[in-house]
Amino acid sequence: MKKLLKKIAAVITTAAIAVSAMVITATTASAKSVFDGATKMEQMEYYKVQIPNAEGQRVYKVDIPKDGELMFRWGVVENTASSYAKLYDSKAAKIESWYLNYSNREHKCNGLKAGTYYLEITGTRKNATINDLYFTFTPNKKPTISLKVTIKKGTSLQLGSVVENYDGKVTWTSTKKTVATVSSTGKVTAKKAGTTTIRAQLDSGEYVQIKLTVSSK
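Residues numbered from 1 in each chain as written. Predicted model: local features only at pLDDT ≥ 70, side-chain atom pairs only at ≥ 80, totals over all residues. Heavy atoms only, no water.

Q: It is not clear to me how the environment of K108 should be interpreted in this structure. Could you clarify?
A: In this structure, K108 sits in strand β8 (residues 106-112). Through-space distance from the C-alpha of K108 to that of F135 is 9.5 Å; in sequence the pair is 27 residues apart. Residues within four places of K108 in sequence aside, it is in contact with E69, L70, M71 and E96. (Helix = DSSP H or I, 4+ residues; strand = E, 2+ residues; numbered from the N terminus. Contact = heavy atoms within 4.5 Å.)

Q: Please explain the environment of G75 as it appears in this structure.
A: In this structure, G75 sits in the loop between β4 (68-73) and β5 (77-78). Sequence separation between G75 and I130 is 55 residues; the distance between their C-alpha atoms is 6.8 Å. Beyond its immediate chain neighbours, meaning those up to four positions away, G75 contacts R105, N131 and D132.

Q: What am I meant to see in the packing of aromatic side chains here?
A: Working definition: an aromatic ring pair is given by the centre-to-centre distance plus the angle between the planes. Taken as a whole and assessed by the stated rule, the structure comprises 6 aromatic pairs. Among the aromatic residues, those joined into a ring-pair cluster are F72, W98 and F135. For the cation-ring pair, K177 lies above Y134, with the distance from its terminal atom to the ring centre recorded as 4.3 Å. (Phe/Tyr/Trp six-rings, centres within 6.5 Å; stacked < 30°, edge-to-face > 60°. Lys NZ or Arg CZ within 6 Å of the ring centre and 35° of its normal.)

Q: Help me out: how do you make sense of unusual backbone geometry in this one?
A: Trans peptide bonds make up the majority, and among non-glycine residues the majority have a negative phi. The phi dihedral of M44 is positive, around 65 degrees, even though this residue is not glycine. Mapped onto the elements of the fold, M44 is located in the loop between β1 (39-40) and β2 (47-51). Judged by relative accessible area, M44 falls into the partly exposed class, the value being 21%. (Buried < 20%, exposed > 50% of the residue type's maximum accessible area, 1.4 Å probe, protein only.)

Structure (structure tokens):
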């Protein structure tokens, strides 16, 4: 494991150009209305949420292995000015509520305990559709390695592709895909000037965090 983290750090350091809800009071809902028919969500898998009737609902189940943060993101919202989401814990107590619309494309849920959560999405119009809904999980611990990297717009940077003495999955994520994307093997492609955070997370919860700045020059 330590070899893997050192390997990723070495690749980043060598290749880099420059290293340098609205919160709602908890209420109790019916377990049946929240949990029945829930679709299990996997981290970094994309879901298309289609709700045929106004005020219709879809419910998703999210399991997190450790205390930490859930970040939900989504793409284009169709046939509705906005839909809204509610997050419940395993006892059907409402934790948070927020809108999913054109201008708001992400929502962070902090301070969650390890366990099972349910995401309920309600459409405000007939045939409401939310595209590319997904979530990322970050445990409540400091990154094993934290670095800063600057690259030029239109270029690519391979942060890591070889995993030594580690059979588990490495999950790569970018917090702002409009600034830079990252592939499943750690290849970063700079899209436009700005900043984003790249994470390489192991099954154990350990992760490497890279603050990436994309420069126009």
